[in-house]
Amino acid sequence: MKFETLAIHAGLDIGNPSKAIIPPISPSTIFEIDETGLKEGDFHYTRLQNPNRQQFEHVIAALEGGEAAAAFSSGIAAAAAILQSLETGDHVIIPEDVYAGNRKMVTSVMSHWGLESDFIDMTDLENIESHIRPNTKIIWIETPSNPLMRITDIAAVAELAKSNNIRTVADNTWPTPVNQLPLELGIDLVLHSTSKYFGGHSDILGGAVISKKHDEFFDRVLTVQKMGGAVPSPHDCWLLSRSTRTLSYRMKGHNEHAEKVAAFLVDHPKIADVFYPGLESNKGHEIAKKQMKGFGGMISFLVDGDYDETIKVVGRTKLVKRATSLGGVETTWEHRRSSEGEGSVSPENMVRISVGLEHPDDIIEDLEQALG
Ligand code: PLP
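Residues numbered from 1 in each chain as written. Predicted model: local features only at pLDDT ≥ 70, side-chain atom pairs only at ≥ 80, totals over all residues. Heavy atoms only, no water.

Take the overall build of the protein next. Scanning the protein for helices and strands turns up 14 helices and 12 strands. Taken over the C-alpha trace, the protein has a radius of gyration of 21 Å; the compact-globule value for 372 residues is 21 Å, and the two agree within 12%. Overall, the protein is about 75 × 50 × 35 Å in size when its C-alpha atoms are taken along their principal axes. The proportion of buried residues among the 372 residues of the protein is 55%. Across the protein, every contact between residues at least 6 apart in sequence was considered, and the portion connecting residues at least 24 apart equals 71%. When the accessible area of the protein is evaluated, it comes to approximately 16,400 Å², of which 53% is carbon and sulfur surface. Counting 35 positive and 52 negative side-chain charges, the protein places the averaged centre of each group 2 Å from the other. (Helix = DSSP H or I, 4+ residues; strand = E, 2+ residues; numbered from the N terminus. Rg over C-alpha atoms; globule rule 2.2 N^0.38 Å. Buried < 20%, exposed > 50% of the residue type's maximum accessible area, 1.4 Å probe, protein only. Contact = heavy atoms within 4.5 Å. Areas by Shrake-Rupley, 256 points an atom, 1.4 Å probe, with all protein chains shown as cover. Lys, Arg positive; Asp, Glu negative; His and termini not counted. Charge placed at Lys NZ, Arg CZ, Asp CG, Glu CD.)

Structure follows, in structure tokens:
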């Protein structure tokens, strides 16, 4: 079955005995146990499993090409579950420009539990190899990176990791499986903040881990999911399954609109630089072309001016909303350094935009008047 069809049909029959075309929400926290006793796979208690969660886990695993998935109540809970499945004293290699929340989780939480880490430039394979230690257990990829849109060669990193017996994780939140399939390129685990494009309407927090194989390590992730308890509600899982049915078409729109906005920004005299993997000027463009079907809806750029001038530009939009996060149908943008807060390394004149699904002419018209 093709991707678009899977997104609409996969998992709908799970826990749906009435064969409703749109499965009902199952808010019950408990399920009646058969008179012959509880059997493997039966629903029992919603923290452990729920029909709506199972439906969503089924569809996201199918779309990423994995054997199994575990859904969480946020993207960061999903990331934490992967790291909590390691042993004390294990070492992870992580991009220096990894999503700021994941960096903080590693440095302020997991380090107390004995996790060792190196935050490095992941665009350079030799650099990655030189940081491998005997206790390295995970190489973590986020491509395109945030906010500089650096590109990592997924297949090359997967090969290097395999030859050193190291597990790989790819945060596929930004590209989504519509644009990039890390498991097909040799990665072991995919991570998502489903709060972004999977949710797609800026109204759900969620996360997921998808595993190429349902192996012993994934069983550990499942144990953290069930015993850590950061599980999504049945209602959120139901909403996520609903949004996923339109994911392919929303992503095609985000890709198309972002390409137009990037082309507009590149030519604008008030813009000093534009970071978008679809631009030939992007350092990682050739690798991006090889591993991405579309370049996504996120763009970062530098205003030709200082902090004050950049804040003024961001403040002038009427249609484009000032907000963090990404992946909604509405276009949003933010002064990235203000949003990242203390310790941010983003330039003072950097703006990050999540290009939405409004007509691109309206988005560009608003940006044009804001840039002045
Ligand atoms: N990964 C990436 C790439 C993100 O952009 C984010 C959130 O911004 C996360 C993970 C964390 O997800 P959540 O906010 O759902 O916890």
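After that view, the rundown keeps rolling.
Attention now goes to the site of the ligand. If you check the shell around the ligand, you find Ser74, Gly75, Ile76, Tyr99, Glu142, Asp171, Thr173, Trp174, Ser193, Ser195, Lys196 and Gly206 and nothing else. Contact between the ligand and Ser195: an oxygen atom at 2.6 Å from a side-chain N or O atom of the residue. Here an oxygen atom of the ligand and a side-chain polar atom of Lys196 are 2.9 Å apart. Considered on its own, the ligand offers 400 Å² of accessible surface; in the complex 90% of this is hidden by protein. Grouping the amino acids of the shell around the ligand by side-chain chemistry returns three nonpolar, six polar and three charged. (Near = heavy atom within 4 Å. Polar contact = N/O pair within 3.5 Å; in protein donor to acceptor, adjacent residues only side chain to side chain. Nonpolar A, V, L, I, M, F, W, Y, C, P; charged D, E, K, R; others polar.)

Moving on: the packing of aromatic side chains. Within the structure shown, the criterion is met by four aromatic pairs. Considering the side-chain rings of Phe301 and Trp333, the 6.2 Å spacing of their centres and the 45 degrees angle between planes classify their relative orientation as tilted. Remark: Trp333 occurs in strand S11 (residues 332-335) and Phe301 occurs in strand S9 (residues 298-303); sequence separation between them is 32 residues. A cation over an aromatic ring shows up here: Arg103 above the ring of Phe119, its NZ or CZ 4.4 Å from the ring centre. (Phe/Tyr/Trp six-rings, centres within 6.5 Å; stacked < 30°, edge-to-face > 60°. Lys NZ or Arg CZ within 6 Å of the ring centre and 35° of its normal.)

Here we take up the pattern of salt bridges. By the definition in use, this model includes 18 salt bridges. We note a salt bridge from Arg220 to Glu87, for which the minimum N-O separation is 2.8 Å. Here Glu87 lies in the loop between helix H3 (75-84) and strand S2 (91-95) and Arg220 lies in helix H8 (residues 216-228), a separation of 133 residues in the sequence. For Arg220, a relative accessible area of 29% translates into the label partly exposed. Glu87 gets classed as partly exposed once you look at its relative accessible area, which sits at 45%. Across the pair Glu340 and Arg336 runs a salt bridge, and its minimum N-O distance is 3.0 Å. With Glu340 and Arg336 both in helix H13 (residues 336-340), this residue pair falls four residues apart, about one helical turn. Residue class for Arg336 comes out buried when judged on its relative accessible area of 5%. (Salt bridge = Lys/Arg side-chain N within 4 Å of Asp/Glu carboxyl O.)

Geometric descriptors of this kind do not, in isolation, establish any biological role.
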